[in-house]
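Residue strings, one per chain:
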Amino acid sequence: MTLIQALSLPSIPTLTTLRLTLDAFTSADIPALAAILAEPEVTRTITANASTPTRCRKAAAHRIDWHNRSWESHGYGVWAIRVRDDRTGDNHTGTAGALIGWCGFTEPDIGNDPEILYGLAPQYWGKGLAQEAAIAAITWLFGKAGRPRHSGISAVVFGRLNPASLTLAGKLGFERMGRMTMANFLPDRDLAKEVLDYELWRLEKAPLHDALSLLFQTAFKAGQIASLNVGDVREIEQALCDAACRRSDLGDMDPAESRMRIRIAYWEGLADPYLDWLHRSR
């Protein structure tokens, strides 16, 4: 199915909340979604290579096609999150109609129940918008008459890299069930190599917000991916150290310290190639 065919599906409902509209993605959303994926703080917790504008657009088009095809295959899918209005004051969220993220359900990576996905552009974090969108999506999934019933919803989270998502899942009623191996989560080795390349790029060139977080996150995730036998583990470790050494904005951190931190986090990731699996019952 092509992207245009997927976008013509008539069965994607529109949901509204106080501040948001959840509706179908369209091809016109590719530039806006690509801009969101270009934010390293967003892409660090998903599997995508968004290191160039071309790759961001490719990733955006792929995700839109994937999200919309799910509606035909499973009767559920992922919505585009848009600003409902441009009200001012405490509820101000931006320009009406603007795409700010995604929320919805996909085929499960583990278990039998739909898996929830959500993500927002960083400028919309901390406003309760992801929770607002997720509550609307969950209410729809559990509440619409005639839809095949599910016993619950799953979530798979890079817990060490995204504790905020674990917190949100807890607020939404999810409980930790166990862990999922990176090998099962990311069986596509070509994609795994692309994600590893992205982490190397992020370590060397992404805007710096917090040096310690950057060193840990990139090295730990690279270690998890290296566990998939995508390359020589020592060569990957050295590539991470070299990428960090090419930065000039790590402040007072000595190169020896940055290499030490990278190596510790990298080997932690190699030894702990798991994601957190959570579940919420109906």
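Quick caveat, the model's predicted, so the values are computed rather than measured.

About the criteria used
Residues numbered from 1 in each chain as written. Predicted model: local features only at pLDDT ≥ 70, side-chain atom pairs only at ≥ 80, totals over all residues. Heavy atoms only, no water. Patch = residues over 30% accessible without salt bridge, like charges linked within 9 Å, V, L, I, M, F, W, Y side chains within 5 Å. Areas by Shrake-Rupley, 256 points an atom, 1.4 Å probe, with all protein chains shown as cover. Salt bridge = Lys/Arg side-chain N within 4 Å of Asp/Glu carboxyl O. Lys, Arg positive; Asp, Glu negative; His and termini not counted. Charge placed at Lys NZ, Arg CZ, Asp CG, Glu CD. Helix = DSSP H or I, 4+ residues; strand = E, 2+ residues; numbered from the N terminus. Axes fitted to C-alpha atoms, helices over the stretch in contact; angles between N-to-C directions. Parallel < 35°, antiparallel > 145°, perpendicular 65-115°, else oblique. Left-handed = near helix turned anticlockwise from the far one by under 90°. Contact = heavy atoms within 4.5 Å. Nonpolar A, V, L, I, M, F, W, Y, C, P; charged D, E, K, R; others polar. Buried < 20%, exposed > 50% of the residue type's maximum accessible area, 1.4 Å probe, protein only. Core = buried A, V, L, I, M, F, W, Y, C linked by side-chain atoms within 4.5 Å. pLDDT = per-residue confidence, 0-100. Phe/Tyr/Trp six-rings, centres within 6.5 Å; stacked < 30°, edge-to-face > 60°. Lys NZ or Arg CZ within 6 Å of the ring centre and 35° of its normal. Arc of directions from axis to C-beta.

## Quick notes on a negative patch on the surface
- On the surface, D188, D190, E194 and D197 cluster together to form a negatively charged patch.
- Here D190 lies in helix α8 (residues 189-205).

## Let's talk about the packing of α8 against helix α9 (residues 211-226)
- One can describe the packing of α8 onto α9 by two numbers: an axis separation of 9 Å at closest approach and a directional angle of 160°. By the angle between their directions, the pair α8 and α9 is classed as roughly antiparallel. As for the relative orientation of α8 and α9, their crossing is left-handed in sense. Within the contact between the two elements, α8 uses A192, V195, L196, E199, R202 and L203 and α9 uses L214, L215, Q217, T218, K221, A222 and I225.
- A breakdown of the residues in the contact of α8 with α9 according to their chemical character gives 8 nonpolar, 2 polar and 3 charged.

## Quick look at the pattern of salt bridges
- In this structure the tally under the stated criterion is 15 salt bridges.
- When the shortest N-O distance is used, the salt bridge between E199 and R202 registers 3.1 Å. Taken as a pair, E199 and R202 lie in helix α8 at a separation of 3 residues, close to a single helical turn.
- The class of R202 is buried, set by a relative accessible area of 1%.
- In this structure, the salt-bridge partner of R261 is E257, at a minimum N-O distance of 2.9 Å. Highlighted residues: R261 and E257, both in helix α11 (residues 255-271), separated by 4 residues, approximately one helical turn.
- What you see here is one network of salt bridges that share partners, running through D23, D29 and R82.

## Considerations on the nonpolar core
- In terms of nonpolar packing, the biggest core is built from 55 residues, with W79, W102, F105, I116 and F174 touching the most fellow members.
- Among the elements that line this core, the one with the most residues is helix α5 (residues 129-143), at 10 residues.
- The contact partners of F174, leaving out residues within four places of it in the chain, are I116, I138, I153, S154, A155, A169, L278, H279 and R280.
- F158, L161, A211 and M253 belong to the second-largest nonpolar core, a separate cluster that totals 36 residues.

## Brief notes about the environment of L275
- Within the element layout of this structure, L275 appears in strand β8 (residues 274-281).
- According to the relative accessible area criterion, L275 is buried, its value standing at 1%.
- The spatial distance from the C-alpha of L275 to the C-alpha of Q224 is 9.6 Å, given a sequence separation of 51 residues.
- The residues contacting L275, other than those within four sequence positions of it, are V156, V157, F158, G178, R179, M180, T181, M182 and F185.

## Some remarks on the confidence of the model for the protein
- In this model, the protein carries an average pLDDT of 90, and 91% of its residues clear a pLDDT of 70 or more.
- This stretch, residues 1-7, has a pLDDT under 50; its non-local contacts, to residues over four places away or in other chains, come to 18 contacts.

## So, the environment of A169
- Here A169 lies in helix α6 (residues 163-171).
- Owing to a relative accessible area of 1%, A169 belongs among the buried residues under this scheme.
- In sequence terms A169 and F142 are 27 residues apart; their C-alpha atoms lie 17 Å from each other.
- Apart from residues lying up to four places away in sequence, A169 is in contact with Y118, F174 and L278.

## Section: the packing of aromatic side chains
- Per the stated rule, a full pass over the model turns up 8 aromatic pairs.
- Aromatic side chains W79 and F105 sit 6.5 Å apart centroid to centroid with 75° between the ring planes, which places their arrangement in the edge-to-face category. Of the two residues, W79 is situated in strand β3 (residues 78-83) and F105 in strand β4 (residues 99-106); the sequence distance between them amounts to 26 residues.
- Owing to a relative accessible area of 0%, W79 belongs among the buried residues under this scheme.
- Given the relative accessible area of 0%, F105 is considered buried.
- With a centroid separation of 5.6 Å and 80° between ring planes, the pair formed by Y266 and W267 is classed as edge-to-face.
- What makes W267 partly exposed here is its relative accessible area of 33%.
- One Lys or Arg, R63, reaches over the ring of W102 and ends 5.3 Å from the middle of that ring.

## Points about helix α2 (residues 30-37)
- Within the sequence span of α2, burial applies to I30, L33, A34, I36 and L37. Buried residues of α2 fall within an arc of 160° about the axis and therefore sit on the same side.

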